[in-house]
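Structure assessment
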Amino acid sequence: MMKKSSKSKSNYKFIVFIAALTLPISAVFDTSTIFLNSTTWYIGAIIVIGIVFIGALFDMIGMAAAAARETPFHAMASKRVYGARRAISIVRNAEKVSSICSDVIGDIAGVLSGAGALAVSVQLLQSIHASGWKDEAVKIAITAVITSLTVGGKAIGKTVAIHSPTPIILMAARIWETVSFVDRRVQRRKK
C-alpha cells in the first residue's frame, strides 16, 4: 500500500511540474508572436511553419515514446550503441516524455501557430492594402492553411511514430545524449 501512495504522490508532483513548466515555455514561444507583429509577412510565415514543424516533431516523439518497447534498446545497449541507454530511460518514462513532448511542447506550438497565422495575415493585409471582405477572406484562408498544416503534420508524425517508434526514440536519445555531453563539457570548462 505504501508503494502505491508514493507513486501517486510522485504523479501529482509531476503534474504540478508540467503545469509549472508550461508557463515559461509558453512565454518563450509567445515572444515569437510578438516578433511576428514587427516583421514582414513572409519571414513571419517561415517562423509559423517552423512552429508547426516543431509541434509535429515533438508530438511524434511523444507518440513514439508511448509506442516503443524496451527490448530492442537492451540489445543495442549490450552492443554499446550510442544513445541506447538513454533510449531505455525514455521508454521507461514514456508517460512523462509523452506529456512533455505532446502535451506541453506540441500543444503550445499548435496554439502559437494559430496566433502566428493571425499575425502573418495582418502583416500580409498591410502589405497588399486589402480591405472589406478581402480582409476577412485572407485572414480565414491563412488561418485555415496553418490549421490544416498543423493537424496534417501531427497526423503524419503520429502515424510514423506508431509504425517506427524504435528509430525515432533512438534518434531522440542520441540527440539528448549529445546535448548532455556538450553541456557537461561546457560546465567543466567553467570550473
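Our subject is the structure listed above.
Overview of the structure. Residue numbers restart at each chain and count upward from 1, following the sequence in its written direction. This being a predicted model, a pLDDT of at least 70 is required before a residue's local features are given, and a value of 80 or more before pairs of side-chain atoms are given or counted; all residues contribute to the totals for chains, interfaces and linings. Hydrogen atoms and water are omitted, and side-chain values are computed over all heavy atoms in the structure.

1. Details of the overall build of the chain
Quick note on the threshold: Under the scheme used here, helices are H or I runs from DSSP no shorter than 4 residues and strands are E runs no shorter than 2 residues, and both carry numbers assigned from the N terminus. Radius of gyration here is computed from C-alpha atoms only, and the compact-globule reference equals 2.2 Å multiplied by the residue count raised to the power 0.38. For every residue, the accessible area (1.4 Å probe, protein chains only) is compared with the maximum for its type, and the residue is labelled buried under 20%, exposed over 50%, or partly exposed between those bounds. Any two residues whose heavy atoms approach within 4.5 Å are treated as being in contact. A 1.4 Å probe and the Shrake-Rupley method give the accessible areas. Residues count as covered only by the protein chains that appear here. His residues and chain termini do not enter the charge count, which takes Lys and Arg as positive and Asp and Glu as negative. The atoms used to mark charge sites are NZ of Lys, CZ of Arg, CG of Asp and CD of Glu.
Each helix and strand in the chain was counted, giving seven helices and zero strands. Going residue by residue from the N terminus, the α and β elements of the chain occur as α-α-α-α-α-α-α. In terms of overall dimensions, the chain is more spread out than a globule: its C-alpha atoms have a radius of gyration of 20 Å, far above the 16 Å expected for 191 residues. Dimensions of the chain, computed from the C-alpha atoms along their principal axes, are close to 65 × 45 × 35 Å. Buried residues in the chain amount to 35% of all 191 residues. Of the contacts made within the chain by residues no fewer than 6 positions apart, 79% connect residues no fewer than 24 positions apart. Of the roughly 12000 Å² of accessible surface on the chain, a fraction of 67% belongs to carbon and sulfur atoms. Averaging the coordinates of the 23 positive side-chain charges in the chain and doing the same for the 10 negative ones gives two points 15 Å apart.

2. A short note on the nonpolar core
For clarity, the cut-off: Here, nonpolar core refers to any group of buried Ala, Val, Leu, Ile, Met, Phe, Trp, Tyr and Cys residues whose side-chain atoms link them within 4.5 Å.
Of all hydrophobic cores here, the largest spans 22 residues; its most connected members are Ala65, Phe73, Ile90, Ile168 and Ile169. Elements with a contribution of two residues or more to this core: α2 (41-67), α3 (71-78), α4 (84-92), α5 (94-128) and α7 (165-190). Those residues in contact with Ala65, other than ones at most four positions away along the chain, are Ile90, Ala94, Val97 and Ile169. Of all hydrophobic cores here, the second largest spans 11 residues; its members include Val48, Ala117, Leu124 and Leu125.

3. Notes on the packing of aromatic side chains
Aromatic rings in a pair are described by how distant their centres are and how their planes are angled relative to each other. Under the convention used in this document: Between the rings of Phe, Tyr and Trp (Trp by its six-membered ring), a pair exists once the centres lie within 6.5 Å; its type follows the angle of the planes, with under 30 degrees stacked, over 60 edge-to-face, and the other angles tilted.
Following the criterion strictly, the structure yields two aromatic pairs and no others. Taking the centre distance of 6.3 Å and the plane angle of 35° together, the rings of Phe14 and Phe17 count as tilted. One end of the pair is Phe14 and the other is Phe17, both in helix α1 (residues 2-37) and three residues apart, which spans about a single turn. Since its relative accessible area comes to 14%, Phe14 is described here as buried. Note on Trp41 and Tyr42: the rings are 5.8 Å apart at their centroids and 85° apart in plane angle, and the pair reads as edge-to-face.

4. Some thoughts on the pattern of salt bridges
Worth spelling out the cut-off: Here, a salt bridge means any side-chain nitrogen of Lys or Arg that lies within 4 Å of a carboxyl oxygen of Asp or Glu.
In the structure shown here, the tally under the stated rule is seven salt bridges. Glu70 is the salt-bridge partner of Arg92, the closest N and O atoms lying 3.1 Å from each other. Of this pair, Arg92 sits in helix α4 while Glu70 sits in the loop between α2 and α3, and the two are 22 residues apart along the sequence. Note on Arg92: relative accessible area 57%, which makes it exposed. Glu70 sits in the partly exposed class, given a relative accessible area of 24%. Through salt bridges with shared partners, one network takes in Asp59, Asp107, Lys154 and Lys158.

5. Section: the side chain of Lys154
Checked against the element boundaries, Lys154 lands in helix α6 (residues 133-163). According to the relative accessible area criterion, Lys154 is buried, its value standing at 15%. Setting aside chain neighbours within four positions, we find Lys154 in contact with Gly55, Ala56, Asp59, Gly106 and Asp107.

6. Here we look at the layout of surface pockets
Vacant regions in the atomic arrangement are exposed by a probe of water-molecule size rolled over the atoms. Which entries qualify depends on this criterion: Lining residues are those with an atom within 4 Å of a point, where the points come from a 1 Å grid over the protein atoms alone and group into cavities, where a 1.4 Å probe fits but cannot get out, or pockets, open sets with protein on both sides within 12 Å along at least five of seven lines. Grid points are joined across faces, edges and corners, and a volume is the space filled by probe spheres set on the points.
As a volume, the largest pocket reaches approximately 460 Å³. As for the largest pocket, its lining consists of 15 residues, of which Phe58, Ile61, Cys101, Ala172 and Trp176 are closest to the centre. Put simply, the parts of the chain that give the lining of the largest pocket at least two residues each are α2, α5 and α7. It is α7 that provides the largest number of residues to the lining of the largest pocket, a total of six residues.

Coordinates in, geometry out; function isn't part of it.
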